[in-house]
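# Structure at a glance
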Number of protein chains: 8
Amino acid sequence: MDPSAVTVDLDRRRRCGFPEVVFGPGKTNEQLREVVSTLLRHYERVLATRLTPSQAASLLAAFPDGRHNEVARTFRVDARVESGGREPSPGPSLRGRGKTAAAHVAVITAGTGDLPVAEEVRETLDWMGVRVTMIHDVGVAGPHRLPARLAEFQDADAIVVIAGMEGALPSVVAGYVACPVIGVPTSVGYGANFGGISALLSMLNSCANNVAVVNIDAGFKAAFMAGLIATRSYRTP
Amino acid sequence: MDPSAVTVDLDRRRRCGFPEVVFGPGKTNEQLREVVSTLLRHYERVLATRLTPSQAASLLAAFPDGRHNEVARTFRVDARVESGGREPSPGPSLRGRGKTAAAHVAVITAGTGDLPVAEEVRETLDWMGVRVTMIHDVGVAGPHRLPARLAEFQDADAIVVIAGMEGALPSVVAGYVACPVIGVPTSVGYGANFGGISALLSMLNSCANNVAVVNIDAGFKAAFMAGLIATRSYRTP
Amino acid sequence: MDPSAVTVDLDRRRRCGFPEVVFGPGKTNEQLREVVSTLLRHYERVLATRLTPSQAASLLAAFPDGRHNEVARTFRVDARVESGGREPSPGPSLRGRGKTAAAHVAVITAGTGDLPVAEEVRETLDWMGVRVTMIHDVGVAGPHRLPARLAEFQDADAIVVIAGMEGALPSVVAGYVACPVIGVPTSVGYGANFGGISALLSMLNSCANNVAVVNIDAGFKAAFMAGLIATRSYRTP
Amino acid sequence: MDPSAVTVDLDRRRRCGFPEVVFGPGKTNEQLREVVSTLLRHYERVLATRLTPSQAASLLAAFPDGRHNEVARTFRVDARVESGGREPSPGPSLRGRGKTAAAHVAVITAGTGDLPVAEEVRETLDWMGVRVTMIHDVGVAGPHRLPARLAEFQDADAIVVIAGMEGALPSVVAGYVACPVIGVPTSVGYGANFGGISALLSMLNSCANNVAVVNIDAGFKAAFMAGLIATRSYRTP
Amino acid sequence: MDPSAVTVDLDRRRRCGFPEVVFGPGKTNEQLREVVSTLLRHYERVLATRLTPSQAASLLAAFPDGRHNEVARTFRVDARVESGGREPSPGPSLRGRGKTAAAHVAVITAGTGDLPVAEEVRETLDWMGVRVTMIHDVGVAGPHRLPARLAEFQDADAIVVIAGMEGALPSVVAGYVACPVIGVPTSVGYGANFGGISALLSMLNSCANNVAVVNIDAGFKAAFMAGLIATRSYRTP
Amino acid sequence: MDPSAVTVDLDRRRRCGFPEVVFGPGKTNEQLREVVSTLLRHYERVLATRLTPSQAASLLAAFPDGRHNEVARTFRVDARVESGGREPSPGPSLRGRGKTAAAHVAVITAGTGDLPVAEEVRETLDWMGVRVTMIHDVGVAGPHRLPARLAEFQDADAIVVIAGMEGALPSVVAGYVACPVIGVPTSVGYGANFGGISALLSMLNSCANNVAVVNIDAGFKAAFMAGLIATRSYRTP
Amino acid sequence: MDPSAVTVDLDRRRRCGFPEVVFGPGKTNEQLREVVSTLLRHYERVLATRLTPSQAASLLAAFPDGRHNEVARTFRVDARVESGGREPSPGPSLRGRGKTAAAHVAVITAGTGDLPVAEEVRETLDWMGVRVTMIHDVGVAGPHRLPARLAEFQDADAIVVIAGMEGALPSVVAGYVACPVIGVPTSVGYGANFGGISALLSMLNSCANNVAVVNIDAGFKAAFMAGLIATRSYRTP
Amino acid sequence: MDPSAVTVDLDRRRRCGFPEVVFGPGKTNEQLREVVSTLLRHYERVLATRLTPSQAASLLAAFPDGRHNEVARTFRVDARVESGGREPSPGPSLRGRGKTAAAHVAVITAGTGDLPVAEEVRETLDWMGVRVTMIHDVGVAGPHRLPARLAEFQDADAIVVIAGMEGALPSVVAGYVACPVIGVPTSVGYGANFGGISALLSMLNSCANNVAVVNIDAGFKAAFMAGLIATRSYRTP
C-alpha cells in the first residue's frame, strides 16, 4: 500500500471547528498508527471510527492510554498536554468560554439492536465535549415508554434518534420538542427492511418539520451534526 | 371490446361469504352496467370500486337509486327485495343472527390526504353491514392526538389504519390495542415517498406484532379483511 | 453492552392480550437469559424467536425444561404454576372460557424450503394455545394437490400461507375459503426472486379480497395475526 | 425527420421465416405509410403494432382494405396476390404443406384489463396463420374457472398466458399441460404492482418448469414465440 | 369532503416554538380558507406551502393582504395585531430578546432549476424571522464560483444547500465552514437522476461530517431545520 | 425436519411429459435420498439440480451408478430396466417413435464464467434425450466469432443462449435464425450488473422477436423449455 | 424569477476549450434570450439544448439568423464576425491549425426512435466543428446491417453509439474498432426498459474494453466527449 | 471444466490496437496459465486482472518473471523479445513513432479506500505504455486539496477520477480542465451507497460536459479508455 496515499488535514480544526476524524475502513494498521501519531504530535484529540477488531488491537498496542469501545467500534486518545502555544482540541469554537458542559444532546434508541450505533454517537459527542443523555428501547410499539421519559430529553439542545425496522421514532420524538432532531436509520431488521432502506425512507418522509437525516448506521455523522448544533447554542456571538 | 370477456362469479357468496365486488379499471361503461344488472337480478348487494367519473355517471344514469361517493370513487346499489327463497346479501355468514350491528371496525387516518382511501374503506364496510368509527388526522407528529381518542377505537374488533409519508401510524395504534390492525399505505407525500413505497415498507417492518398490510391505496381490500375479522367475532360457532 | 438497554414490558398481556415475545437478534446471551427469567418470575409463558444456535444453547442450559425447535429457531418455556393470584399466560382474552381448543389455524406451504418459517408459525400458534393443521408442499405448479386437501383447511378460522418464488399460493387458497388469509412471502428461490421481493409483491398484488401480508420470512408475525383472529372468533362478546 | 433513418429488412422472411413487423412508436405517419407500401410491393403480409390512433387513421386512409383493431392497437393488410414467382408470406417454413390450420395456440387472460394485450396476441397469431383459442377472465382467485375450461387448451401446441397484478396464472396453467407456456406480465394493477414488475417477477420465479417470459405488455413478442413453436410442431422435418 | 377531517393544532407554538404550517396538497379551497382563518383568529403568522395556482388564487381572494410567491408556491399572511394578551408568532423561543435579526442562514443553489425550492426556503425563513443570504448558480462544475463568494456565507449560523443532478454541492460547501449544512436534493435533471434519487444518495453519502439531508424538493423542511438551528444560536440559555 | 414435508409427484410424466425433477436447495440429505429412491422404484430417470457438494456426495454414496457433474451441480441416475409394463422415462411424448435423436438444441455461451449454467443445460437436455451442440465464448465484443460458427447452430430446433454482463448475445443469435431462442441471464459480472439484473433486462428488452427469457442462472428451466420445443418438432401429430 | 439567478461563465472557452452551452430546462424565455445575447456579445458561437417549442420560438424571434432543429430540440447561432482582437469560438484548442475538418466522429443508432438523440449529437458536433457520419437503424437483431457499413465508421476518431431497449449496440460496434466508443442509452422501449435503465446497465456492463457511458438520452454530453477526443487527435502537441 | 471453453483472440491487436486482456473471474488456474502461455508464444505483452490470491500464486509459479500487484489484483508479463518479424505489443497504433512516452494520463482518487482501483488503473496504463501521474486523497470535503495540485494534472491528455461515497470528484476535476475525464465509481462507503450506486449515479448525472463513466470498480476499463484517448493524441494522422 502506497504510504503517500493517506494525508492528514491538520488545518481542519481552524476551518471547521474540530480536528479530522479517522475513518477506519480501507486503511492498513500501519497507516492508522501513522495518522494517529501525526494528530497527537499536533496536539489534537483523536477519534477513529468503524475499526475492525484487528485495527483496534493494533492501535491499542501502539497507544496504550487510548480507549477502545468494542460495541461502538471506536478508538480514542486524548490530546497531549501542550507546554505552550496552541490549545488542544476540540477547538476554537468552544475556547475560553467554559460552556461546553452546558451543551446537551439526548440519544434515543428504538430497540436493543440499535445499541452499536448509539455507542458510536456517545463516543463522538464525548470527544466533542458535549453532555449526553442515553434513552434506550422506547420504540413506537410501546407507546407509553417515550412520554414517560420526556423530562430527560425535552430540554436537550439537539436529539439524535436511532431506529431500524419502520424507523418511526424520530417523527414521534420530534412532535414533543422544539429542538432539531437528527434521525439515524439503522440496518436492524430483516426481509423488506432492505438493510435499512425502510427506516431511511421513513425518516426522509417524516411528517414532522424538525427532522433531518443521515446515512444508514451513520452514528458518527449524526453525533457530529447534533454536537455542532448543541455547542453553537452556547457560543458567545 | 369482446363482451364475453367479463363473467360474473355468482357462486362467490356461497363460497366466500360475500358477493363479487366490481373492479372498475379497464371495463367499458357497457360492461359495468351489464355486470351490475346481473348481480341485482340475483339479489346481490352491489359495490363497484375505483370508478372514473365517466363510469360513475354512466352507472348513476342506469341505476338512479344507487349511491356514488365521489371521494371514495365507489358506486353502490342495494339488493332488490326478494319475494321468496334466497336471502339478499351480504350473505350466509351473518344470516339469521342479527349480530351485524355489533361488528365494529375503527378507521384511523394520519392526514387529510388519506381521506379518499378512508372513504373507500367506509363504503366497503357499510356494504358489509359493519359499524364504522372514523378518526381523522391523528398522525404521529402530533403525538397527543391519538391517545386523546383511545376510547373511540380501543374496543373495535379490527382497525384499519391509513397513512402515507412515513406510514408510522399503524405501529403506534397497534401498541394500544389487542385486536388485529390492517395497515393501508397511501401514495400521499412527495419525493422519496416513491408513490407509497416508504409507507408500505414502514408497515411491513412494523415492530408491532398485530399489524398486517395490504397494497398501496388498497382501501377496499383492507376494509374487506377488517370486515371479515369483525363479523367472524360475532358468528355462532 | 449496557444492561440498562433492555427492558421487559410486563404490562403487555393486560394491554394486548399476550405477553411480550423475545426477539433474539442483537441480544447477548446474558440479556436473553435475564429477559426470560424476568418473564417467568411474572408467570408468563415464554417464546423467543430468531435465535442463533449459540443463543439457543445458552437458554437451554439455563432453562433445561425449555424446548428448542432448531428448524424454527425458537425457544419456549411454559409459565410457572402459580400458587395463587394472577393466571398464567397467554392471557385474559381466552380466560375462563375453555374455548382455546376450538380456535383453529391452517398453515399451508408451497415447498420444502418454506418449512423453517412454517415451524416458527407452528411454535407461535402452539404458544398462543391455538390448534394448528399443517399442509405441506402444495405449490401452484401441481394444481391438483391443494383442492385434494380442502377438507383440512376450509373450516379454519384463519389461514397462514407461506410461499417463496412466485408467491402465488395465497391467492389460490383465498379463492376457496371465506376466512382471512395471512400471506408470508419467503426468501426461498434464486435470481430474480431478490431475497423474497417477488413473493412479497405477488401477495401484495393478490387479486383475492381476503389476503393481507406480513414481512418476508415473518412467520411469527403471521402466526400472531392469525392466532388473534382465530381466538377472537371464540370470544364471549 | 430524416427519411433515410428507416430501412425495411426485405430479407427477413428468408432468414427468420416471417417478414418484418412494423413497430409504430417513434415513426411519423409518412414513414409508416412508406414502410407498409414497400412491404406490400414485395408481396409481404403486413402487421404494424403499438399504433397511436393518429397513426392508425393515417394508415387506414392510405390502405382502405387494411384492418385496424383499436383494442389491440394493430393494423394489418393482406399480401397482394402475386401473378407469378415468389409466394406471399408468412413464408417458407409453412410453404406447400397445408398444415398451418393445424397449428394451435391458446391465449388465456387473468382479467378484463388484460384484453388489449390479448387482442395484440390474437392479431399476431392470425397474421402468422395460426389457429387461436381465447379463454378470458380465469384468474387464480376463482380457482374453479380454469379447470372448467381445460378441454379447450390442453391440446394446444403452445399457450400464451397474460396476467397483471400478482401474475400467478402462468404457473397454474403450466401445471396442467405438457406444452411450452409463454407468460406475458401486464401493467394491470395499482400501487405495488410497479407498472407490471410484480407480475414480471412472479413469472420469472415460476415454480413450473415449462414457463418462459417476455417483456411487460409484450403481446406481439409472446404471440410470435408461441406461433413459432406451434408451426414448427407441424413442419415436415 | 368531510369538514371534520382537518384539525388545526393550536398548541404547537407553545410545544414546538412555531405555529402549525399549512400543507396544501389534498386540501380543498374551503378547507384551506378555514384553516388560515382559524390560525389568524389565534394571532398566528400564517405560512401555507405547495399550493396549486387555484388554491393560491382562492386564498388571495379571501385574504387580500396576503402574499403569494408563485415560484415558491407559498402563501403568507401576517398575524393580526393583538390588543392584549398573547404575543403574535413566531413565538416564545425568540421572545423579548430582539435577536432574531442576528440569526442568519445562507441559501446556496447549484443551478437555475433549483430556484423554486430556494424560494420556498426563503419564504419559510422570512416567516421565521431569520435573515437570509441567497447565492445562486454556483454548481461544482464551475469550481471557481463558490470560493469567490465565501465571504457571504462563511459566517452563517446554518446553510441550506440546494442541488439536483449529482447533488455534490453540499459536500463542497461543508468543507469551507464550521456550521451545520442542510442538503436539499432536487428533482432537477433527467435520465438516471430518477427524479432526485441521484442527488439524494449523493448527499446521504457525503464525505463531509456536517451535512444532514431532507426529502427531495423539501425546501420548507430544510428551511425550518436551518431556522431552528440559527435562532437557537442566539437564545439566552 | 418433518419427513411428511416432501412429496413426490408420480403423476407428472403422464400429465406433463417428463417425470418430476428434484430441486436440491432446502432438502436434507435424507430427504434427497428418499426422493431419488421413490422415483427409481417407479422406473423414472432421475435428475437432481443445484446440489451442494455435501448433498451430491450423499447421493453418490447411495446410488454409486449415478453421475455427479460438479460444474453443473447436478446428479443423475438412469431409470431401472423394467421387466414389463410401464416404459422408463422420459415418457410418452417420445414413445415408440425413435425420433429423440433428431431433436437438436444448440447451447451458446458468451464467456467462460457462463460455463456452470451451460453444463446444467447440457445435463438436463441429455436427461430429456435431446442432442446438444455446445458453442462457447462467442460474446458480442468479438463480433467475428459467432457467424464463424453459424453452421453449427442454424438448423437447431431451439437455442439456449447464456450470457452475463450486458446479456446482448441472445438478440444477436436470434437475428441469424428462425427457431425460438431461450435467453438465460447469468449473474456473471460485477458492479452494476446487480447479480444478473443487467443481463435479465437486456434479454427482456431484446429487439429480436424470437427471444423469451427465464430467471437468472436458471439453466435447468431454459433447457427444459428448449427440450420441450425441440421434441415437439418431431412428434407424430 | 430572480434575474440574478443566471450567470454566464465567459471564462469557460479559455479554461475548457469551448464556450458555455445553454441548458434550456427551468429557464424563462427572458433568461434564455439574455444568456444568448451575452454570449454573442462576447463573440461566442451559441448552442442551446433541450428547448421546449415555446423556448425555441422565443429564441428564433429574437435571433432570426439562428437555426432551430425541432427533432434535436436545439437552437444555434453563429458567432458574430469580430473586427479585431479575440477569435470566435469554438476556441483555442483548434486555433490556427486548420485541422478541424479532419476530426471525424461516427454516430450510429440502433432504431428509428433514437433519432432525436442522434440529432442532438449531430448539432453539437457541428457546433464543435467536427465532421459527422450518421449511420441509422443498424440494431443488433439484424446482424448483417452493421458490418455492411464498416467502411463508413472504422476510421472515425471516436464513435457515439445510441441505443434503447437492450442497448447492446455499443458492445458490438466496439468489437470492430480501435477508437473510443461513447454509449448513449435512450429511453426508447417499453415495460421493463424502465425509461432507459435496461440500456444504461447494458452499456455499463459492456464486455468491450473501449466503451464509456453517459446519462440516459444525454446526446449533448456524448457528442461533447466524442468531439473532445476527436479534436485532440489532431492537436499539434 | 471443459478446456475448449476458453479461446484466445489473437487477432485483437490488429483489430483493436492492443492484445486481449485476461479477465480472471471464473477461470481455473490451468486455464489461466494456458491463456498466458498462448499470448506469450505470440509475442504479446500480458495483463491479467481481478485475480484471486490463488490464481496469482499459480501464475507467479509458472511465470516467475511476471509481476503481481496484490493491491491491484493484477499480473503482468512482458512480451518475449522476438528474433524477427512481428513486433511485440502493445501494438501498431503506436508502432514506429516513439511517441508513447508523451502520452500522459492523470489518476485522481477521492480517498484511501479507492487505492485498489487506482492501482489497477496504473498497471493497465503502464502495460499500455502510457505515463501516469497519481494524485491521492483529494476528495471534495477538503476543497483546498485539489486546486493545490492543479499543475500536476491540468496538462494530462485524459484523466481517470476514482471516487466512492457521493462520487462528486469527477465533476469538480472536469471543471478545471479541457481534456476528457473518465469517472470510476467505487463501492467504497456504507449504507445508502448501495455498493457504489450512489457514486455511479452522481457521475452519470454530472453537470460537467466532459465526463463519461464506466462500471463500478472498473479500473481496467477506465484506464483502457483513457489510454486510448491519450495515445491517439500523439498519433501521426
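### A few points about the relation of the copies chain E and chain A
- Note on the identical chains: chain E maps onto chain A by a rotation of 180° and an axial translation of 0.0 Å, with an RMSD of 0.0 Å. Put plainly, the chains are arranged around a two-fold axis. The C-alpha atom lying nearest the rotation axis in chain E is that of Ser233(E); the distance is 2.1 Å.
- Here 100% of the interface residues in chain E have copies in chain A that are interface residues too; the copies meet face to matching face.

### Describing the side chain of Glu44(F)
- Residue position: Glu44(F) is located in the loop between helix 2 (29-41) and strand 2 (46-49).
- Looking at Glu44(F), its side chain comes within polar contact range of the side chain of Arg13(F), at 2.9 Å.

### With respect to the relation of the copies chain B and chain D
- For the pair chain B and chain D, the relating rotation is 90°, the translation along its axis is 0.0 Å, and the fit reaches an RMSD of 0.0 Å. The transformation relating the two chain copies, once decomposed into turn and shift, fits a four-fold axis. Among all residues of chain B, the minimum C-alpha distance to the rotation axis is found for Phe194(B), at 7.3 Å.

### Quick look at unusual backbone geometry
- In this structure, Arg50(F) takes a positive phi of about 55° despite not being glycine.
- Assignment of secondary structure puts Arg50(F) in the loop between strand 2 and helix 3 (53-62).
- Here Arg50(F) falls in the buried class, since its relative accessible area comes to 13%.
- Phi is positive for Asp137(G), close to 65°, though the residue is something other than glycine.
- Within the element layout of this structure, Asp137(G) appears in the loop between strand 6 (131-135) and helix 5 (150-153).

### A few points about the sheet that holds strand 2 (residues 46-49) of chain B
Residues and elements named next belong to chain B.
- The four strands are arranged 1-2-4-3 in an open sheet whose pairing can be described as mixed. Two strands in the sheet have a free side with no partner beyond their single neighbour: strand 1 (22-23) and strand 3 (67-69).
- The pairing of strand 3 with strand 4 (residues 74-77) spans three bridges and is classified as antiparallel. Along strand 4, the bridge assignment pairs Arg67 with Arg76.

### So, the sheet that holds strand 3 (residues 67-69) of chain H
All names here are of chain H.
- Here we have four strands laid out as an open sheet, ordered 1-2-4-3, and mixed in their pairing. Strands at the two margins of the open sheet, each flanked by one partner only, are strand 1 (22-23) and strand 3.
- When strand 1 meets strand 2 (residues 46-49), the two strands line up parallel, connected through two bridges. By the bridge assignment, Phe23 is partnered in strand 2 with Thr49.
- Sheet contacts for helix 4 (residues 115-128): strand 2, strand 3 and strand 4 (74-77); angle to strand 4, the most-contacted strand, approximately 15°.

### As for the interface of chain B and chain D
- Each partner contributes to the interface: chain B provides 17 residues, whereas chain D provides 16 residues.
- Note on chain B versus chain D: buried area summed over both sides is about 1400 Å², and carbon and sulfur give 63% of it.
- Where chain B meets chain D, there are zero salt bridges.
- Along the contact surface separating chain B from chain D lie two residue pairs in polar contact (both at pLDDT 80 or more).
- Every element with two or more residues in the side of chain B that touches chain D is listed here: helix 1 (12-16) and helix 7 (197-204) of chain B.

### A few points about the interface of chain E and chain A
- Contacts between chain E and chain A engage 38 residues on the former and 38 residues on the latter.
- If you sort the residues of chain E by the area they bury against chain A, Leu204(E), Asn209(E) and Arg232(E) come out on top, with a joint share of 22%.
- Linking chain E with chain A are two salt bridges.
- With a closest N to O distance of 3.5 Å, Asp157(E) and Arg232(A) form a salt bridge.

### A look at the environment of Leu169(F)
All names here are of chain F.
- For Leu169, the position within the fold is in helix 6 (residues 169-174).
- When the C-alpha positions of Leu169 and Ser206 are compared, they lie 9.7 Å apart, and in sequence the two are 37 residues distant.
- Setting aside anything within four residues of it in sequence, one finds Leu169 in contact with Ile108, Thr109, Ala110, Val138, Gly139, Val140, Leu146, Val161 and Ala163.

### Considerations on helix 3 (residues 53-62) of chain D
Residues and elements named next belong to chain D.
- Turning to helix 3, its buried residues number three or more, namely Gln55, Ala56, Ser58 and Leu59. All buried residues of helix 3 project into a common sector of 160° when viewed along the axis, lining one side. For helix 3, exposure combined with an orientation more than 90 degrees from the buried face picks out Pro53 and Ala61.
- Looking at the buried side of helix 3, the elements it contacts are helix 2 (29-41), strand 2 (46-49), strand 3 (67-69) and strand 4 (74-77).

### Digging into the packing of helix 2 of chain D against helix 3 of chain D
Residue and element names in this part refer to chain D.
- Remark: helix 2 packs on helix 3, axes separated minimally by 10 Å, with the N-to-C direction vectors making an angle of 45°. If you check the angle between helix 2 and helix 3, you find them oblique. Here helix 2 and helix 3 pass one another in a crossing that is right-handed. Of helix 3, the residues touching helix 2 (which contributes Asn29, Leu32, Arg33 and Val36) are Ser54, Gln55, Ser58, Leu59 and Ala62.

### Quick word on the pairing of strand 6 (residues 131-135) of chain A
Residue and element names in this part refer to chain A.
- Judged from the five bridges that link them, strand 5 (residues 104-109) and strand 6 form a sheet pairing that is parallel. Its bridge partner lying in strand 6, His104 is registered against Arg131.
- Between the parallel pair strand 5 and strand 6, the chain is carried across by helix 4 (residues 115-128), and the sense of this crossover is right-handed.

### Some points on the environment of Asn205(E)
- Within the element layout of this structure, Asn205(E) appears in the loop between helix 7 (197-204) and strand 9 (211-213).
- The exposure class assigned to Asn205(E) is buried, which follows from its relative accessible area of 3%.
- Separated by 136 residues in sequence, Asn205(E) and Asn69(E) have C-alpha atoms that sit 33 Å apart.
- Setting aside anything within four residues of it in sequence, one finds Asn205(E) in contact with Asn215(A), Lys221(A), Met165(H), Glu166(H), Tyr190(H), Ala192(H), Asn193(H) and Ser198(H).
- Reaching out from Asn205(E), the side chain makes a polar contact with the side chain of Asn215(A) at a distance of 3.2 Å.
- Side-chain polar atoms of Asn205(E) contact the backbone oxygen of Leu201(E), separated by 2.8 Å.

### So, the pattern of salt bridges
- Going through the model one piece at a time under the given rule, you end up with 96 salt bridges over all chains.
- The residue Arg149(D) makes a salt bridge to Glu152(D) at a minimum N-O spacing of 2.9 Å.
- Of the residues examined, Arg149(D) reaches a relative accessible area of 26% and is grouped as partly exposed.
- Counted as one network, the salt bridges with shared partners bring together Asp9(A), Asp11(A), Arg12(A), Arg14(A) and Arg15(A).

### Some thoughts on the packing of aromatic side chains
- If you walk through the whole model with that rule in mind, you get 32 aromatic pairs over all chains.
- Ring geometry for Phe18(F) and Trp127(F): centres 5.9 Å apart, planes at 35°, overall tilted. Of this pair, Phe18(F) sits in the loop between helix 1 (12-16) and strand 1 (22-23) while Trp127(F) sits in helix 4 (residues 115-128), and the two are 109 residues apart along the sequence. For the pair formed by Phe18(F) and Trp127(F), the shared burial category is buried.
- Note on Phe220(H) and Phe224(H): the rings are 5.9 Å apart at their centroids and 50° apart in plane angle, and the pair reads as tilted. One end of the pair is Phe220(H) and the other is Phe224(H), both in helix 8 (residues 219-232) and four residues apart, which spans about a single turn.
- Classification of Phe224(H) as buried rests on a relative accessible area of 4%.
- One aromatic cluster is present, built from ring pairs that chain together Phe18(A), Trp127(A), Phe220(A) and Phe224(A).
- The lysine or arginine in question, Arg50(F), covers the ring of Tyr190(C), its NZ or CZ lying 3.7 Å from the ring centre.

### A closer look at the pairing of strand 4 (residues 74-77) of chain G
Residue and element names in this part refer to chain G.
- Neither face of strand 4 is open: one carries Thr74 and Arg76, the other Phe75 and Val77, and all of them are buried.
- Bridge count between strand 2 (residues 46-49) and strand 4: three bridges; the pairing is antiparallel. Following the sheet pairing, Val46 is matched in strand 4 by Val77.
- The antiparallel pairing of strand 3 (residues 67-69) with strand 4 creates a hairpin that spans four residues between the two strands, and Arg73 there sits at a positive phi of about 60°.

Calculation criteria
Residues numbered from 1 in each chain as written. Chains lettered and ligands numbered in written order. Predicted model: local features only at pLDDT ≥ 70, side-chain atom pairs only at ≥ 80, totals over all residues. Heavy atoms only, no water. Least-squares fit on C-alpha atoms with pLDDT ≥ 70 in both. Contact = heavy atoms within 4.5 Å. Helix = DSSP H or I, 4+ residues; strand = E, 2+ residues; numbered from the N terminus. Polar contact = N/O pair within 3.5 Å; in protein donor to acceptor, adjacent residues only side chain to side chain. Buried < 20%, exposed > 50% of the residue type's maximum accessible area, 1.4 Å probe, protein only. Pairing = 2+ DSSP bridges. Axes fitted to C-alpha atoms, helices over the stretch in contact; angles between N-to-C directions. Buried area = accessible area lost by both parts, 1.4 Å probe. Salt bridge = Lys/Arg side-chain N within 4 Å of Asp/Glu carboxyl O. Arc of directions from axis to C-beta. Parallel < 35°, antiparallel > 145°, perpendicular 65-115°, else oblique. Left-handed = near helix turned anticlockwise from the far one by under 90°. Right-handed = clockwise from strand over helix to strand, strands pointing away. Phe/Tyr/Trp six-rings, centres within 6.5 Å; stacked < 30°, edge-to-face > 60°. Lys NZ or Arg CZ within 6 Å of the ring centre and 35° of its normal.

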